[in-house]
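# Secondary and tertiary structure notes
These are the residues of each chain, in order.
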Amino acid sequence: MVGLKEELLKSIWHAFTALDLDRSGKVSKSQLKVLSHNLCTVLNVPHDPVALEEHFRDDDEGPVSNQGYMPYLNKFILEKVQGNFDKVEFNRMCWTLCAKKNLSKSPLLISDEDAFKVWVIFNFLSEDKYPLIIVPEEIEYFLKKLTEAMGAGWQQEQFEHYKVALNTSAEGLSAWELIELVGSGQFSKGMDRQTVSMAISEVFNELILDVLKQGYMLKKGHKRKNWMERWFVLKPNIISYYVSEDLKDKKGDIILDGNCCVEALPDKDGKKCLFLIKCLDKTFEISASDKKKKQEWIQAIQSTVSLLRAGSAPPHKEARQRRRELRQKLLAEQEELERQMKELQAANENKQKELETVRKQLEAAAARAAEEEKKRLQTQVELQDRFSLELEREKMVRQKMEEQVAQKSSELEQYLQRVRELEEMYKQLQEALEDERQARQDEETVRKLQARLLEEETAKRAELEKWHLQQQQTIQMTEAEKQELENQRMMKEQALQVAMQQLQQLELERKEALEQYEEVKKKLETAANNTKSWKDKVAHHEGLIRLIEPGSKNPHLITNWGPAAFTEAELEEREKSWKGKKATSE
């Protein structure tokens, strides 16, 4: 699918670059809409006009660049391509958009249809980089195929001269330069227009339409068993047969796969050059025009089935891939060789610079040596004169020095003795320093111990402070509770005072009640005495006759003195009241 996308992009690139630019150097949005709609139509992709507006919604003025159109093209068109479209129609649409603007105005020896086919072949053979060009190796391959199709001999020397001239001017040719090269007749001299056109069509059918072989043969029918002449077209996975070579009336297809096979048949029923194509569901009997054609067809079909079994691409596509890989390999080797040559050249230049520097240094050293030699000779003469004068002086000095040497010898002995004493002092100093170092280590140990004890003391102090803080908080809480209890005590004392006042009041009321009770009791006693004396009088005068008096319907208590002045319930109520007052007073 990636290879198909690259092939589509090449044709679309030609169409896009042929669009008119505005003053800002960009393509207008309206032209992109037309191009997108045409692409969706020929590629059988549903067109979404809103997507383009949405993709370029920030660009209200319209012009956009090809960098901005590329993401839209990939996302909304190329990713939706399924391969169910007519490649020739697609290429023809892109050709229509770009040919008028780019095709040379000078007369060509080929028709517009042939120029279109050369343009499509260019897209197939060109490199996968933009702007598109076809390299000399692919030009040679195409011209060889074209020359073979015309039945002419290949002029290698002529192409080598053309290749040298081409390499001096450019890396390759554009599509329009290739069309102009073919149309100029430079490599088809002596051929008429029809021969060139047929050769271009043959190469186009092979490279673009994947036609591996085509021609007239007889085919035996499945129902009527009659033999009919058909135009057969062999492609990588199918053999189609038509009524004629104009390909307008298609009669059927023979689907090829890895399970198909082809076998030669002996002549029978008056038919010669027979062979059989076996597929899973059908078998086809075919008669070629001669033994050579029969053998060519059998080999072509067998090769196609072998490629299907191996899962390989068609031969011309595999050959193109191998040529590209070879070019890439040669290019990598050439780049590596150039890199090595540059490194060697740089190393050589560095060596030359170093040699030049050494030469200059040698020359300067030689000049300095000559000057120094001259100065040395002059100095030597001066020194000889000076040495002759100083020699006498040296003799005198030598005598003095001998005397001084003797003196110095004694001083040296003293000095050596002093050195030995100093060495002894140095050893003692080393021991003292070692003792000091050990003392410092002990001091450091004690300091660390003190620091640890200090940390423990700090931790304990922090813990004591924490306890002290908790104790203060507890005391504050106790003080608050104490204050609360004091308030409650005051409230209780106030309530007690109120209760005492009420008790005193009740005591007064009890005393008053007792006084009233005593008074009532006295009255009752007086009334009882009066009643008793009255009853005695009545009994004395009237005997047992009792006076009938109106009274309450409720039962009355009967005392020793007669019916009571209150009921039993009233008496119980008064007793409870008296008991309550008594308890309160106590």
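About the criteria used
Residues numbered from 1 in each chain as written. Predicted model: local features only at pLDDT ≥ 70, side-chain atom pairs only at ≥ 80, totals over all residues. Heavy atoms only, no water. UniProt positions renumbered as here; feature names shortened; annotations may be inferred. Buried < 20%, exposed > 50% of the residue type's maximum accessible area, 1.4 Å probe, protein only. Helix = DSSP H or I, 4+ residues; strand = E, 2+ residues; numbered from the N terminus. Phe/Tyr/Trp six-rings, centres within 6.5 Å; stacked < 30°, edge-to-face > 60°. Lys NZ or Arg CZ within 6 Å of the ring centre and 35° of its normal. Salt bridge = Lys/Arg side-chain N within 4 Å of Asp/Glu carboxyl O. pLDDT = per-residue confidence, 0-100. Contact = heavy atoms within 4.5 Å. Domains from an automatic or database assignment. Polar contact = N/O pair within 3.5 Å; in protein donor to acceptor, adjacent residues only side chain to side chain. Pairing = 2+ DSSP bridges.

You'll find the protein chain entered in an unreviewed UniProt entry as Switch-associated protein 70, with Alaudala cheleensis given as the organism. Listed under Subunit (unreviewed entry) in UniProt, the entry text for the protein chain is "The SWAP complex consists of NPM1, NCL, PARP1 and SWAP70."

### A closer look at helix 9 (residues 175-183)
A large share of helix 9 lies buried, amounting to seven of its nine residues. What helix 9 keeps buried is the set A175, W176, L178, I179, L181, V182 and G183. Following helix 9 by one or two positions, G185 adopts a phi angle in the positive range, close to 75 degrees.

### Describing the UniProt feature "domain: PH" (unreviewed entry) in the protein chain
As recorded in UniProt, the feature "domain: PH" (unreviewed entry) lies at residues 210-306. When the span residues 210-306 is considered, its composition is 16% helix and 44% strand, and the gap between its end C-alpha atoms is 16 Å.

### Things to note about the packing of aromatic side chains
Applying the stated rule across the entire model yields 15 aromatic pairs. Summarising the aromatic geometry, the rings of W13 and Y130 are spaced 5.6 Å apart at their centres and angled 50 degrees between planes, so their arrangement reads as tilted. With W13 in helix 1 (residues 2-17) and Y130 in the loop between helix 6 (112-125) and helix 7 (136-150), this pair connects stretches of sequence that are 117 residues apart. Judged by relative accessible area, which is 25%, W13 ranks as partly exposed. In textbook terms, an aromatic cluster arises when at least three aromatic residues are bridged by ring pairs, as seen for W95, F116, W119, W176 and F204. Directly above the aromatic system of F124 lies the positively charged group of R320, at a separation of 4.0 Å from the ring centroid.

### Quick notes on the pattern of salt bridges
One pass over the full model with this rule turns up 31 salt bridges. Among the ionic pairs, K250 bridges to D253, the shortest N-O distance being 3.0 Å. Take K250: its relative accessible area is 43%, and that puts it in the partly exposed class. Taken together, the salt bridges that share partners define one network made up of E127, E138, R323 and R327.

### Examining the confidence of the model for the protein chain
With 90% of its residues at a pLDDT of 70 or more, the protein chain has an overall mean of 83. Counting contacts from residues 60-66, a segment whose pLDDT is below 50, to residues more than four positions away or on other chains yields 16 contacts.

### So, unusual backbone geometry
Looking along the chain, the bond that leaves Y130 and enters P131 is cis, with omega of -5 degrees. Within the secondary structure, P131 is located in the loop between helix 6 and helix 7. Phi is positive for K225, which is not a glycine, with a value near 60 degrees. Owing to a relative accessible area of 48%, K225 belongs among the partly exposed residues under this scheme. The backbone phi angle of D269 is positive, close to 55 degrees, even though this residue is not glycine. The residue D269 is located in the loop between strand 5 (261-265) and strand 6 (274-278) in this model.

### Regarding the domain arrangement of the protein chain
Segmentation of the protein chain into domains returns domain 1 (1-208), domain 2 (213-312) and domain 3 (418-447). Relative placement of domain 1 and domain 3: their C-alpha centres are 96 Å apart.

### Let's talk about the environment of R324
Position of R324 among the secondary structure elements: in helix 12 (residues 315-542). Look at R324 and you get buried, because its relative accessible area is 10%. Taking the C-alpha atoms as reference points, R324 and R510, separated by 186 residues in sequence, lie 135 Å from one another. Beyond its immediate stretch of four places on either side in the chain, R324 contacts K10, F124, L125, S126 and D128. Within the local environment of R324, its side chain forms a polar contact with the side chain of D128, the two groups lying 3.0 Å apart.

### Focus: the side chain of K213
Positionally, K213 belongs in strand 1 (residues 213-220). The class for K213 is buried, based on a relative accessible area of 16%. In this structure the side chain of K213 is engaged in a polar contact, spanning 3.0 Å, whose partner is the side chain of E296.

### Re the environment of E54
When you line up the elements, E54 lands in helix 3 (residues 49-55). For the pair E54 and F90, spaced 36 residues apart in sequence, the C-alpha separation works out to 26 Å.

### Structural notes on the pairing of strand 6
In terms of residue burial, strand 6 counts as a mostly covered element, since four of its five residues are buried. In this sheet, strand 7 (residues 283-287) lies alongside strand 6 in antiparallel orientation, the contact comprising five bridges. If you follow K278 over to strand 7, its bridge partner there is T283. Where strand 6 hands over to strand 7, the hairpin turn is made up of four residues, counted between the paired strands.

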